[in-house]
Amino acid sequence: MKKWILLVCSILVVTGIIIVNMQKDGPACDVLASIDYTKSIEAVEEYTNTYTGETNYYNIINEWTKNKITELDKRFIIDSENTEGGILYDNNFGYKSNVRYLHPGDDITFQIETEKESLYEIWLDYYIMDKTYLRPEIQVTINDEEQFNESNKIELPMNWQVGKLNDEEKFDRYGDELMPKSVKKMIWENKPLQDPSHFFIQPLKFRFNKGVNKVKLTVNEGYLLIGEISIKNTHETIPTYEQYLKKIKAEKQSIQKMIIIEAEDIFMKSRQSIRTKYVRNPSITPYAYKNRVLNVLDGYSFGDSGDKVIYKFNIIETGYYNLAVKYSQDTNNGLSTHRRITIDDKVPFSELSYYDFSYSSGWRNEILADEKGIPFDIFLEKGEHTLELSIDNTRVRDIYHELLNILDSIEAVAKDIKKLTGGLVDKERKWKINKYMPDIRTYLHGIYNKIKIQKAALIEYTGNSDLPIISEIDIAMKLIKDFIEDPEDLPHYMSKFNDGESSAYGRINAVLPTLVYNPMHLDKIYIYNDEQLPSAESGFITNTKENTKSFVYSFLDPKYNQSDKVDDRTIEIWVNKSRLYVEIMQRMIDEKFTPETGIKVNLSLLPDENKIILSNAAENTPDAAIGISHSKPFEFALRGIVENLRDYEGFYDLAEEFDKCAFIPFIYDKGVYAIPETQDVKLLFYRKDILDFLGVKPPKTWQDVTGLVPILKKYDMNFYTPLGSDSSYKGLDTTTPFIYEFGGRLYDDTGSKTIINDKKSYEAFEFMTDLFTVYNVPITTSNFFQKFRNGKTPVGIGDANTYIQLKYAAPELSGQWGILPIPGVKNAEGVIERWDPTYGTSSIVFKNSTKKQLSWKFIKWWSSADIQRDFSYAIQSTLGDKFLYMTANIEGFKKSAWPSDSKKVILEQWKWIQTTGKVPGDYMLERELSNAWNKVVFDGENPRIALDEAVATINRELERKLKEFGYIVDGKLVKEYVVPDIHNVEKWVRQNEE
């Protein structure tokens, strides 16, 4: 008996020990149960606030509301006489008084005195001048303070009226319908400053202190006339549908006349790039199987926050009408899309302020109805009306910003972990996270609970728990839950916590863009009463019949089976660009160049530049080509395929519009064999918020960079240079900047030998390897944009594409990043030399052409400043703000569609263009210089040995190629090969040089 008692007692003791241990280090579910739900959320929010400024408008307005800062009814009117700045302008375009004229960089200031601290809206009377097509953008400071991130970039609404083409203008040479042009609506507007992200439909609120307040409005973009400025508060009340019907009090009538609005017949739109397109589907009208006719509003161009389109329609008989929309939406991961529906500038009732259109892979008719499916009755008076469809983010703002706050919480924890570990990943080491961060489990629990809350909110918002975005949230929750169970894993598995797309951070971050993107294709809008709507989809027989007709006609279509008629005044041009770009170019040519010159131009896509060599061998080259990469003209010149453009009239006048060094890659012997078309730029990108947190300035020199890297490393952050990209091949675009900045050269005076092992070039090579072997800049960095965005690499060198991504794909960083010229090396005079090659594309004329003069005339026209400017705007107006074209024509770039906030910095960096002259066999120099860098950085080889070995290999290849082209005969240099460089390029591209 005693034995049984002892056995039972032993079991109970062991069980007790196990339970105690489970409570101490047990499963995540037990830990979650032991931590107070509310307190964990409050703890992580307080913890996060110590790291983040909470500076977006959503957080700021919530804080002001929490602190009960009131909105007063008092109104202040400030006219131009009581403002300072800009130019007092008397040409007021019909305004009631004098106005202020401002261009980019100008500001106006004024003062108002308030009796107590309060919130106010700012309303402007403004007129957008016709000097640019870019949307006006202003920055607001009150008492020298930017009150929230969005105040850095507030866009003023601008409407575009869609023109009508006559029958002659409506179709192109192939019978396809052309997209009508849009004209900027030039009128005085009275509008409030609004949230640029459109999370709030109400005007932005600004906090004014008791007493005198100084207000400054700075124009970042656009040319504006500013009239009166009103400081006031407004309140819009939209009735419910039930209240709306009671207010109308009209008898319901039976009206049989259906009104059909074709969605492509837009009257007004908020952006030029909102466009129509052709869908080859017999259920869509108008329809044609032979040619393209515009029959759909392209949802991909009408899906961003703030987009709107306006239609006009006419009501013949007063009465109640129903509204239906024929649409398709199959692109947003199963999410519904939504539109705000306005009639005659007012939302009739609140149910139309945010109307959901469910996911649909095919075309369907959506009858606007209540939750029970009963169609809304909308009362319309006889006469002309407007119908507006617009997009805002009001319904998702809480979810979106709470997810952003969760990301901030994850980053806050990650920063403290990295401060503790220095970013070291050693899975054998125990960090004792609980000891150094005793509240870590509470913080992780708070993050987990906040994600859980937003998951529930997403399910309620979407009405669907099986969507991909819910799966992403589930994975993030599981990852956080694992860390709650064992926080000691955090230093070892940051890739699961906050680093990378598959981490908890990355999963949540992937959800955000889908919440604010709302594409929806539109075919028709029906305004009707007591009528049967036509079927949204055509039947099987109709589809089969029309598809068969289309298929058969494709074999007969003259567009694809017959070449355009080529006469003595028609030239053939190959273009190495996308089809959309080529279509825009062809339209510009047909509208401008051909009428002015009588020269017809047939453009054709060039999918592969290697086709040029083959076509030349077959004597089948066109007359000219555009969009040729920077290295090809030299190769073609060596083989006698292209024309020396110096021999043509007007060459030197055209060359003056470009930086002289842009021509260097196109020079061979005494000729220049291409005209620059585009060119890239490298810039220093830096996170203002992070550098302020670190207490450092963005680097101006490479010496500054070497001093900054250890500070970044302390927080597990890094610096990025293109030399450290994830490509093992280091081209001249990444290596020569260092050589030129240190004063080095690539070739000797004869062009027959390389001198990259001379003193200055060697110093440059040693430094560009020391960056990675001594100063520990990351050897490989994939996706600089993403690492810059999440703060992992807050300083680095990027290109024009990086700028575009940050400006348009990272709205949460608005006002938190900046650009500067790249770091350089200070010379003996104290000047920082920032040399960098800026490669791009070019235009050439073929030697076999029988129409060289006509081709040159076209190339000269195409390369001119005004045409390059117009092309940049045409691309943006057709494809959207994100499509920025960087012309090499400096005057064209100054007038182009590039945002003003970057032009000054880009032009400053372009002063340091230094491209590399081409030499037969130079590919070996590029390759061996890359190999030498890899040997030193990866294999630990001595830099001097690696470079000397590279020089021997390079010189052998240079000698072999110079023999091939007759520069070396019997081992002797019989004629000097003059390598074009920054010091001698003028003699090729400037009129008065020999």
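Residues numbered from 1 in each chain as written. Predicted model: local features only at pLDDT ≥ 70, side-chain atom pairs only at ≥ 80, totals over all residues. Heavy atoms only, no water.

1. Points about the overall build of the protein
Put simply, the rule is: Strands here are runs of E lasting at least two residues and helices are runs of H or I lasting at least four, both read from the DSSP assignment and numbered beginning at the N terminus. Radius of gyration: over C-alpha atoms. The globule rule applied is 2.2 Å multiplied by the number of residues raised to the 0.38 power. Under the scheme applied here, a residue whose accessible area is under 20% of the maximum for its type counts as buried, over 50% as exposed, and between as partly exposed, the area being computed with a 1.4 Å probe on protein chains only. The contact rule is simple, with two residues in contact once any of their heavy atoms fall within 4.5 Å.
Summing up its helical and strand segments, the protein has 31 helices and 40 strands in all. For the protein, whose C-alpha radius of gyration is 33 Å, the value lies close to the compact-globule estimate of 30 Å for 994 residues. Taken along the three principal axes of its C-alpha coordinates, the protein extends 100 × 95 × 70 Å. A burial count over the protein gives 55% of its 994 residues as buried. For the protein, restricting intrachain contacts to residue pairs at least 6 apart in sequence, the fraction spanning at least 24 positions comes to 78%.

2. Comments concerning the pattern of salt bridges
Opposite charge on two side chains allows them to pair when their charged atoms are near. Note the following rule: By salt bridge we mean one thing: a side-chain nitrogen of Lys or Arg within 4 Å of a carboxyl oxygen of Asp or Glu.
Inspection of every chain in the model, using the stated rule, returns 50 salt bridges. E71 is paired through a salt bridge with K205; the nearest N and O atoms lie 3.1 Å apart. Of the two residues, E71 is situated in the loop between α4 (57-66) and β1 (76-78) and K205 in the loop between β10 (189-192) and β11 (206-208); the sequence distance between them amounts to 134 residues. Residue E71 is classed as partly exposed on the basis of its relative accessible area, which comes to 34%. In this structure K205 comes out as buried when scored by relative accessible area, which is 7%.

3. As for the confidence of the model for the protein
Stated formally: Confidence scores here are pLDDT values: one per residue, from the predictor, ranging 0 to 100.
The predicted model of the protein has a mean per-residue pLDDT of 89, with 92% of residues at 70 or higher. pLDDT under 50 marks residues 10-32. Its contacts with residues more than four places away, or in other chains, come to 17 contacts.

4. Quick notes on the sheet that holds strand β9 (residues 182-184)
Selection rule: Only strands that DSSP links by at least two bridges are regarded as paired with each other.
Pairing is antiparallel in the open sheet, where 7 strands are placed in the order β9-β8-β15-β18-β24-β20-β21. Edge strands, defined here as strands with exactly one partner in the open sheet, are β9 and β21 (355-357). Direction of pairing for strand β8 (residues 160-162) relative to strand β15 (residues 268-269): antiparallel, over a ladder of 2 bridges. Residue pairing for β15: Q161 is matched across the bridge by M268.

5. Some thoughts on empty space enclosed by the protein
Applied cut-off: Cavities and pockets are defined on a 1 Å grid built over the protein atoms alone: a cavity is a set of grid points where a 1.4 Å probe fits but cannot escape, while a pocket is an open set with protein on both sides within 12 Å along at least five of seven lines, and lining residues are those with an atom within 4 Å of any such point. Grid points are joined across faces, edges and corners, and a volume is the space filled by probe spheres set on the points. Side-chain classes are defined by residue name, with Ala, Val, Leu, Ile, Met, Phe, Trp, Tyr, Cys and Pro counting as nonpolar, Asp, Glu, Lys and Arg as charged, and the others, Gly among them, as polar.
Under the counting rule described, the total for this entry stands at 8 cavities of 30 Å³ or more. Roughly 280 Å³ of volume is contained in the largest cavity. If you list the elements that add at least two residues to the lining of the largest cavity, you get β12 (211-221), α24 (800-809) and α26 (865-879). In terms of residue count, the dominant contributor to the lining of the largest cavity is α26 (3 residues). Residue classes in the lining of the largest cavity are distributed as 7 nonpolar, 5 polar and 9 charged. There is about 90 Å³ of room inside the second largest cavity. If you trace the second largest cavity, you find 13 residues lining it, with T721, P722, P737, I797 and D836 closest to the centre. Sort the elements by how many residues they give to the lining of the second largest cavity and helix α21 (residues 732-741) lands first, with 5 residues. Of the residues in the lining of the second largest cavity, the class split is 7 nonpolar, 2 polar and 4 charged.

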